[in-house]
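Here are the chains, one letter per residue:
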Amino acid sequence: MFRKEDCCYQTYRRILRDIKKSGKYYDYADVLEKMPEKWLILRHDIEFSVDRAYQLSLIETKEGIKSTWFVQITNNAYNALSEKNVALLQKMAENGHHIGLHYHRGKSVAGGALGELKRDLQMQADILAKMTGLTVDRFSFHRPLREHLEADLEVDGLINAYGHQFFCLTDNPSQPLPVKYVADSNHQWKYGEATEQFFAAHDKIQLLIHPLSWSENGAEHIENFQNIVREKHDELIDTIEGEWKIFDELRGKL
Ligand SMILES: [Zn+2]
């Protein structure tokens, strides 16, 4: 599990500098187009908070890194299409980052055929593109099923972050693989660790970092969620205040 110092912004800056030092930082589209022998792609899946993603993106912008931020449009904890969040996503894109769809498969297509899944995915990507005015040319699955990873799904106009060029499905992730995948899942490193040594040891790497785990000072697992709950609470209070004329009478009682 992450300790505070493992997931603070200072550590994040160190990771970004190690990525730059590796000399193999690429975007998904450049990997497909230029087919370099060595590459490292940095991706983010946004699970609970666009604000946290935005803050983390500012650090990348300062360090000269432009990565991909996959956002859900059916998440119950945030509305990617709210005026505020659309503005944040647009700013990230203005800074050179890529905004993609973090596809959250609804129950209606849960057991459906792949064709139905593709149509749903395409529809969500279109909605995200139309509502933000941004180019959406890529997607990642949220909690993908094995069969969806095995399918190496191709969707017109969209790069699949779990496509077989970028991801190797295996039951034994510790074995040598053509593409190495490393992620900070459940507030800890999985399948490896984002270090200079790891970046040097593998030719092709997809690094997934969830913005929800990272903050200015860092936080252990429980404290991190306490902070997220507080941030969401404050956001809700601000939203009510903006809508409810007599909110002053209520504020102290909530
Ligand atoms: Zn996800």
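Conventions and cut-offs
- The numbers attached to residues start from 1 for each chain and follow its sequence in the written order.
- This being a predicted model, a pLDDT of at least 70 is required before a residue's local features are given, and a value of 80 or more before pairs of side-chain atoms are given or counted; all residues contribute to the totals for chains, interfaces and linings.
- Secondary structure elements are taken from DSSP: a helix is a run of H or I of four residues or more, a strand is a run of E of two residues or more, and numbering for both begins at the N terminus.
- The nonpolar core is taken to be a set of buried Ala, Val, Leu, Ile, Met, Phe, Trp, Tyr and Cys residues joined by way of C-beta atoms within 7 Å.
- The exposure scheme places C-beta atoms from the backbone and then counts, for each residue, the other C-beta atoms within 10 Å of its own, assigning buried at 20 or more, exposed at 12 or fewer, and partly exposed in between.
- Remark: residues whose backbone-derived C-beta atoms lie within 7 Å of one another are considered to be in contact.
- When DSSP locates at least two bridges between a pair of strands, those strands are taken to pair.
- Lines fitted to the C-alpha atoms define the axes, with helices restricted to the stretch that makes contact. Angles between their N-to-C directions range from 0 to 180 degrees.

Regarding unusual backbone geometry
Here is step 1 of the chain: Phi angles above zero are rare outside glycine, and Arg143 is one such case at about 45°.
Here is step 2 of the chain: Mapping Arg143 onto the fold places it in the loop between strand 4 (138-141) and helix 6 (146-150).

What about the nonpolar core?
Here is step 1 of the chain: Ranked by internal contacts, the top residues of the largest apolar core, which has 52 residues, are Leu40, Val71, Leu101, Phe139 and Leu207.
Here is step 2 of the chain: Among the elements that make up this core, the one with the highest residue count is strand 1 (residues 39-46) (5 residues).
Here is step 3 of the chain: Once residues within four sequence positions are removed from consideration, Leu40 is found in contact with Ile19, Ser22, Lys24, Tyr25, Tyr26, Phe199, Ile205 and Leu207.

Quick look at the environment of Gln122
Here is step 1 of the chain: Along the polypeptide, Gln122 turns up in helix 5 (residues 114-132).
Here is step 2 of the chain: Classification of Gln122 as partly exposed rests on a count of 17 C-beta atoms within 10 Å.
Here is step 3 of the chain: Once the C-alpha coordinates of Gln122 and Tyr103 are considered, the two residues, 19 residues apart in sequence, prove to be 9.6 Å apart.

Let's talk about the sheet that holds strand 2 (residues 68-71)
Here is step 1 of the chain: Ordered by their spatial adjacency, 8 strands build an open sheet running 5-4-3-2-1-8-6-7, and the pairing between neighbours is mixed. Both outer strands of the open sheet, strand 5 (159-160) and strand 7 (188-190), are each paired with one neighbouring strand and no more.
Here is step 2 of the chain: Sheet analysis places strand 3 (residues 98-103) next to strand 4, joined by 3 bridges and oriented parallel. In the strand pairing of strand 4, Leu101 is matched with Phe139.
Here is step 3 of the chain: Relative to the sheet, helix 5 contacts strand 2, strand 3 and strand 4, its axis offset from that of strand 3 by approximately 140°.

So far we have only geometry, and geometry alone does not tell us how the molecule works.
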